[in-house]
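What follows is each chain in one-letter form.
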Amino acid sequence: MQRFCGDIAFPIDPLFRGEKVAIEQLAQLAGCDLGALERVSIRHLGKGHFRLREEFASLQSFQRTRIRVCPECIRSEMPSAAESWRVPRRLQWKFSSIRSCPKHSCMLISIPAEKFHKDARDFAAQLRKHHGWILDQPVLKATPSPFEAYLSNRILSGRGDRWIDRLELNVASRACEVLGLRIAKGPDAVLSGHSEPDWMGYGALGYDTLKDGPVALSNCLADMAREDVVDGRFFGRLFGPWMAWLKSRSLGDEFEPLRDVVRRHVFDNFSVRKGVLVLGVPSEGMTSLNLQKSVSLKGFAKRNAEDLIYRGLATREASGDIVPMSFVTLGMLDAYEREKKFFRNAKRSSEGGKSRTFVSDETNAAGESRLSIGDAAGQLRVTAKTVGYLIQHGMLCGVDASELYRRGATVVTTDSLARFQESFISLGEFAELVQRPQGSLSMKLRNANVALLAMPHDLSRIYWREDVDVYLTAER
Ligand SMILES: [Zn+2]
């Protein structure tokens with residue numbers, strides 16, 4: 001690649017760095033589709049962040065200075081020393097958390113370091129140069145790991161819609177490893193000094209918990225307090241390397257959704273003195289359970305208390321009182337009122353005039369064109385579960401309620417989807433629009449007090465489009 005680019009006088013360094021202009025120039029020169037070339041290229045986003053396909057990677061999660069290979073893959077595919085460059089590169093070999101080859105059940109190896117990083121980036125040239133060395137390497141056995149299988153599948157086939165899929169790749173992969181380290185080695189473990197096979201095991205261990213979402217993580221953290229090896233009163237001491245890692249300043253904004261879950265767990269389960277920072281947020285000086293008592297249902301929310309239960313935002317206590325769930329804030333109750341009135345007015349105005357309906361009634365809906373839940377989720381860039389929730393609560397129009405949760409069922413009317421998109425924008429859509437990672441965007445929007453649709457926190461985040469427009473204008 002270096003030689004070829006040299007021959008046609010194409011500067012290769014900007015291309016290696018992932019600069020947009022270089023990719024554009026190459027597409028022009030080669031006469032190929034820019035979008036297609038961008039999709040398969042590493043794009044630099046600034047501040048040590050890259051985009052690869054739909055994923056987001058950081059310098060730590062992404063091997064930029066050494067080439068790693070499976071020695072067995074190379075051995076079986078390398079035709080001869082003279083043509084060793086013909087072996088195709090595997091995209092997943094670039095990711096630090098992928099350490100083994102599932103086909104050969106062995107560890108990947110790093111090709112010897114080069115003096116200049118750019119020399120280490122030319123896969124074909126490196127393969128030719130180190131041909132003999134690779135063949136000489138001993139093969140280190142490794143057991144197949146569901147964690148690595150998950151990462152590979154995500155990189156090659158795209159994300160699913162579980163909580164872990166919504167974390168950026170660098171967050172999800174490292175979180176599994178560090179949580180696994182804490183589980184395996186206890187609160188005194190340190191972050192450095194572990195071998196590659198060790199990290200592989202930790203990753204699998206942490207993935208086993210994190211794949212099941214924020215509740216599983218919170219339960220796992222609660223279990224740690226029940227171990228009797230350590231004083232469980234102090235969360236920093238108890239969580240050890242897990243907390244030390246999350247606190248690190250080198251982690252970007254994209255770690256915020258994960259920190260959010262840990263923070264909530266700490267505030268709910270430990271008494272933290274007022275003003276003490278927990279992952280950057282000061283304690284209110286009481287556990288959240290006490291804090292929640294101050295959020296009581298008044299006015300509109302009180303009159304709609306039964307609906308709040310139905311919406312998963314409130315619960316009925318043994319005494320018969322209806323109280324908001326622990327994650328519900330006053331802001332969320334305001335958002336709930338605003339949304340309810342918005343949909344009510346939209347419905348009223350459509351009944352008055354002959355205008356298109358916002359949320360059509362069931363009889364009209366039967367004749368409209370429809371989308372499956374999956375397609376609606378894709379268009380809105382939210383999870384299928386979120387679409388189900390929007391239909392259930394009348395924000396999207398569903399056709400056949402009995403089919404609601406059957407995957408692939410044709411249930412959302414295109415008209416109601418279009419209407420919904422006119423007024424609302426999901427975090428996923430917004431992130432795509434402004435080309436920023438979802439994690440950092442959601443934190444920025446939260447800091448700017450941009451209201452979310454009031455929904456349980458295991459659903460995708462959705463904002464009012466008008467609020468997001470105001471936010472964008474203020475940003476500029
Ligand atoms: Zn292999």
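Residues numbered from 1 in each chain as written. Predicted model: local features only at pLDDT ≥ 70, side-chain atom pairs only at ≥ 80, totals over all residues.

## Quick notes on the overall build of the protein chain
As a reminder of what qualifies: A run of H or I in DSSP counts as a helix once it spans at least four residues, and a run of E counts as a strand once it spans at least two, with each numbered from the N terminus. Using C-beta atoms placed from the backbone, we call a residue buried if 20 or more other C-beta atoms fall within 10 Å of its own, exposed if 12 or fewer do, and partly exposed for counts in between. Residue pairs are scored as contacts if the distance between their C-beta atoms, which are placed from the backbone, is within 7 Å.
Of the regular secondary structure elements, the protein chain holds 26 helices and 15 strands. When each of the 476 residues of the protein chain is scored for burial, the buried share is 33%. Summarising the internal contacts of the protein chain: among those between residues at least 6 apart in sequence, 62% fall at separations of at least 24.

## Concerning the sheet that holds strand β2 (residues 49-52)
Our working rule: Here, any two strands with at least 2 DSSP bridges between them count as paired. To get an axis, a line is fitted to the C-alpha atoms, and for a helix only the part in contact is used. The angle between two axes follows their N-to-C directions and goes from 0 to 180 degrees.
Spatially, β1-β2-β3 is the arrangement adopted by the three strands of the open sheet, whose pairing is antiparallel. Here the strands that pair on one side only, and so sit at the sheet edges, are β1 (42-46) and β3 (55-58). Along the sheet, successive strands turn relative to each other by an average axial angle of 30°, direction set aside. Inspection of the sheet shows β2 paired to β3 by four bridges, in the antiparallel sense. Across the sheet, His49 pairs through a bridge with Ser58, a residue of β3.

## Looking at the packing of helix α8 (residues 146-157) against helix α11 (residues 196-210)
The test is simple: Small angles under 35 degrees read as roughly parallel and large ones over 145 as roughly antiparallel, with 65 to 115 read as roughly perpendicular and the rest as oblique. For this classification, Asp, Glu, Lys and Arg are treated as charged, while Ala, Val, Leu, Ile, Met, Phe, Trp, Tyr, Cys and Pro are nonpolar and the rest, including Gly, are polar.
Contact geometry of α8 with α11 gives a least axis separation of 7 Å together with a crossing angle of 75°. Judged on the interaxial angle alone, α11 and α8 are roughly perpendicular. Seen from α8, the contacting residues are Pro146, Phe147 and Tyr150; seen from α11, they are Gly203, Ala204 and Tyr207. Broken down by class, the residue content of the contact of α8 with α11 amounts to five nonpolar, one polar and no charged.

## Quick word on the nonpolar core
This is how the line gets drawn: By definition, a nonpolar core groups buried Ala, Val, Leu, Ile, Met, Phe, Trp, Tyr and Cys residues that are joined through C-beta atoms within 7 Å. Just so you know, the domain bounds were taken from an automatic or database domain assignment.
Ranked by internal contacts, the top residues of the largest apolar core, which has 52 residues, are Ala172, Ala175, Cys176 and Leu210. Ranked by residue count, the leading element in this core is helix α10 (residues 169-185), at eight residues. Among the domains, domain 1 (2-136) and domain 2 (170-289) are the pair contributing at least three residues each to this core. Other than its neighbours up to four places away in sequence, Leu210 contacts Ile164, Ala175, Cys176, Leu179 and Leu217.

## Description of the pairing of β2
Where β1 and β2 come together, four bridges link them in antiparallel fashion. Following the sheet pairing, Gly46 is matched in β2 by His49. Here β1 hands over to β2 after two residues, with Lys47 in that stretch at a positive phi of 50°. Hairpin connection of β2 to β3: two residues between the antiparallel strands, including Arg53 at a positive phi of 50°.

## Comments concerning unusual backbone geometry
One non-glycine residue, Ala9, lies in the positive phi region at around 55°. Considering the arrangement of structural elements, one finds Ala9 in the loop between α1 (2-7) and α2 (13-17). Judged by the 6 C-beta atoms lying within 10 Å of it, Ala9 falls in the exposed class.

## Regarding helix α23 (residues 414-423)
Applicable threshold: Comment: arc refers to directions from the helix axis out to C-beta atoms.
Restricting attention to buried positions, one finds in α23 the residues Ser416, Leu417, Arg419 and Phe420. Looking down the long axis of α23, one finds its buried residues gathered within 165° of arc, a one-sided arrangement. Residues of α23 that are exposed and point more than 90 degrees away from the buried face comprise Ala418 and Glu422.

## Section: the confidence of the model for the protein chain
Where the model shows low pLDDT, its predicted coordinates should not be examined in detail. Threshold: Within a predicted model, pLDDT stands for the predictor's per-residue confidence, ranging from 0 to 100.
Confidence in the prediction of the protein chain, expressed as mean pLDDT, is 84, and 89% of residues score 70 or more. Counting interchain partners and residues more than four positions distant, the pLDDT-below-50 stretch residues 288-293 has nine contacts. A low-confidence stretch, residues 354-358 stays under pLDDT 50, and its non-local contacts, those more than four residues away or across chains, total eleven contacts.

## Examining the environment of Leu221
Note on placement: Leu221 falls in helix α12 (residues 214-226). Taking C-alpha positions, Leu221 is 8.5 Å from Val262, a pair spaced 41 residues apart along the chain. Here Leu221 is in contact with Phe239 and His265, once residues within four sequence places are set aside.

## Some thoughts on the environment of Trp163
With respect to the helices, strands and loops of the structure, Trp163 is situated in helix α9 (residues 163-166). Between the C-alpha atoms of Trp163 and Leu210, which are 47 residues apart in sequence, the distance is 8.6 Å.

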